Amino acid sequence: MEKRQELYKGKAKTVYATDDPAYLIMHYRDDVSAFDGVKLAKLDKKGETNNKINAYVMAKLSAAGVATHFVRLLNERESLVKAMKMIPVECVVRNVCAGSMAKRYGIAEGTRLPEPIFEFFLKSDALHDPLVNDDHIRVLGWASVDEIAQMKTLTHRVNAVLKPLFADAGIDLVDYKLEFGHPVADPDGPLVLGDEFTPDGCRLWDAKTGEKLDKDRFRRDLGSVIEHYREVGSRIGAPL
Ligand code: UDP
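Residues numbered from 1 in each chain as written. Predicted model: local features only at pLDDT ≥ 70, side-chain atom pairs only at ≥ 80, totals over all residues. Heavy atoms only, no water.

Caption draft 1: Inspection of a nonpolar patch on the surface at higher detail. Together, Tyr105, Ile107 and Leu131 line one region of the surface with nonpolar side chains, adding up to about 260 Å² of accessible area. Following the sequence through the fold, Leu131 ends up in strand 11 (residues 131-132). On the basis of relative accessibility, which here comes to 38%, the residue Leu131 falls in the partly exposed class. (Patch = residues over 30% accessible without salt bridge, like charges linked within 9 Å, V, L, I, M, F, W, Y side chains within 5 Å. Areas by Shrake-Rupley, 256 points an atom, 1.4 Å probe, with all protein chains shown as cover. Salt bridge = Lys/Arg side-chain N within 4 Å of Asp/Glu carboxyl O. Helix = DSSP H or I, 4+ residues; strand = E, 2+ residues; numbered from the N terminus. Buried < 20%, exposed > 50% of the residue type's maximum accessible area, 1.4 Å probe, protein only.)

Caption draft 2: Inspection of the environment of Leu178 at higher detail. The residue Leu178 is located in strand 12 (residues 171-178) in this model. Among the residues examined, Leu178 registers a relative accessible area of 1% and is labelled buried. On a C-alpha basis, the gap between Leu178 and Leu193 in space is 7.3 Å, while along the polypeptide they are 15 residues apart. Apart from the residues lying within four places of it in its own chain, the contact partners of Leu178 are Val89, Glu90, Cys91, Thr155, Val158, Leu193 and Phe197. (Contact = heavy atoms within 4.5 Å.)

Caption draft 3: Molecular detail of the pairing of strand 15 (residues 202-206). The element strand 15 is extensively covered by neighbouring structure, given that 5 of its 5 residues are classed as buried. Residues of strand 15 alternate between two faces, with Cys202, Leu204 and Asp206 on one and Arg203 and Trp205 on the opposite face, all of them buried. Bridge count for strand 12 against strand 15 is 5 bridges, and the pairing is antiparallel. Within strand 15, the position partnered with Asp172 by the bridge is Trp205. (Pairing = 2+ DSSP bridges.)

Caption draft 4: Fine view of the pattern of salt bridges. Per the stated rule, a full pass over the model turns up 31 salt bridges. Where Arg4 meets Glu2, a salt bridge forms, and the shortest distance between an N and an O atom there is 3.2 Å. The class for Glu2 is partly exposed, based on a relative accessible area of 43%. Salt bridges sharing partners connect three or more residues here, namely Arg94, Arg104, Glu109, Glu119, Asp175, Arg203, Asp216, Arg219 and Arg220.

Caption draft 5: Region of the structure containing helix 4 (residues 145-167). Relative to the 33 Å expected for 23 residues at 1.5 Å per residue, helix 4 spans 33 Å between its end C-alpha atoms, a close match to the ideal helical length. For helix 4, the set of buried residues is Glu147, Ile148, Gln150, Met151, Leu154, Thr155, Val158, Asn159, Leu162, Leu165 and Phe166. (Expected span 1.5 Å × (residues − 1).)

Caption draft 6: Inspection of the site of the ligand at higher detail. Close contacts around the ligand come from 16 residues, with Arg94, Ser100, Asp175, Arg203 and Arg219 the closest. Here Asp129 contributes a side-chain N or O atom positioned 2.9 Å from an oxygen atom of the ligand. Burial of the ligand by the surrounding chains reaches 79%, relative to a free accessible area of 500 Å². When the residues that make up the shell around the ligand are grouped by side-chain class, the tally is 5 nonpolar, 3 polar and 8 charged. (Near = heavy atom within 4 Å. Polar contact = N/O pair within 3.5 Å; in protein donor to acceptor, adjacent residues only side chain to side chain. Nonpolar A, V, L, I, M, F, W, Y, C, P; charged D, E, K, R; others polar.)

Caption draft 7: Spotlight on the nonpolar core. Core analysis: the biggest nonpolar cluster contains 40 residues, and Phe120, Met151, Phe166 and Phe197 have the highest contact counts within it. Elements with a minimum of two residues in this core: helix 1 (46-63), strand 9 (89-96), strand 10 (112-122), helix 4, strand 12, strand 15 and helix 6 (225-236). Per-element accounting of this core gives the leading share, 7 residues, to helix 4. Beyond its immediate sequence surroundings of up to four residues, Phe197 is in contact with Ile53, Asn54, Val57, Met58, Leu162, Phe166, Leu173, Tyr176, Leu178 and Cys202. With 7 residues, the next largest nonpolar core counts Val32, Leu43, Phe218 and Ile226 among its residues. (Core = buried A, V, L, I, M, F, W, Y, C linked by side-chain atoms within 4.5 Å.)

Caption draft 8: Main features of the packing of helix 1 against helix 6. Closest axis-to-axis distance for the helix 1/helix 6 pair is 10 Å, and the angle between their directions is 25 degrees. In terms of orientation, helix 1 lies roughly parallel with respect to helix 6. In terms of crossing hand, the pair formed by helix 1 and helix 6 is left-handed. Where helix 1 abuts helix 6, its residues Lys46, Thr49, Asn50, Ile53, Tyr56 and Val57 lie against Ile226, Tyr229, Arg230, Gly233 and Ile236. Here the residues of the contact of helix 1 with helix 6 sort into 6 nonpolar, 3 polar and 2 charged. (Axes fitted to C-alpha atoms, helices over the stretch in contact; angles between N-to-C directions. Parallel < 35°, antiparallel > 145°, perpendicular 65-115°, else oblique. Left-handed = near helix turned anticlockwise from the far one by under 90°.)

On their own, these measurements won't tell you what the molecule is for.
Put into structure tokens, the structure is as follows:
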């Protein structure tokens, strides 16, 4: 697979074309951002740490029967993925109340939820990713009824795999964000998990001490961000 031109530079990853239009290369940079790109920094080793954690988690999901765009690790900072047409919404699942949900409803961070709560957000930094419901998504044409149902089912299946995976490592999987799309090579087929699963897009708390092991360390200036990301990786068994 030959690396070609840069296609898109996001906040933490750069996407490159390959000689096959069905595949892309995702390059994980050391950049970190928060608050819709307002707070920015570079963290040494973040790119390779997230590339390897993502590869490990995606392989676990794939082994459990959840289709993902991940193909294989290429090198320290790059992975080969299927080219996808993404649905422009973010799927969030919450096992414990935190972050925007805690603020929105005035519920204490750390409140356990009797069952997981699913939320959709529109993917738009300019609009600060507003919460949207099924009707907004369907009527405004961002996804079909069937795609909405698939995003919910797949997200709950991901939760059923990842909650125990982190629990076995002594980590509470509090919440996380997923994005789905259709592979360009199979535009009418089922939705496939895209983007990434790394400590940048989830909340992970040490099950005993409650210590934060995720991007809240950066958002809230708690320090030692990548040391904690790497601890997550080693505790779940990801080769770093
Ligand atoms: N999240 C994300 N990208 C976003 C918004 C949220 O990865 O654009 C993740 C976030 O890291 C957390 C979960 O989704 O694990 C829920 O985020 P929340 O709605 O609480 O928003 P926050 O205030 O943390 O951005």
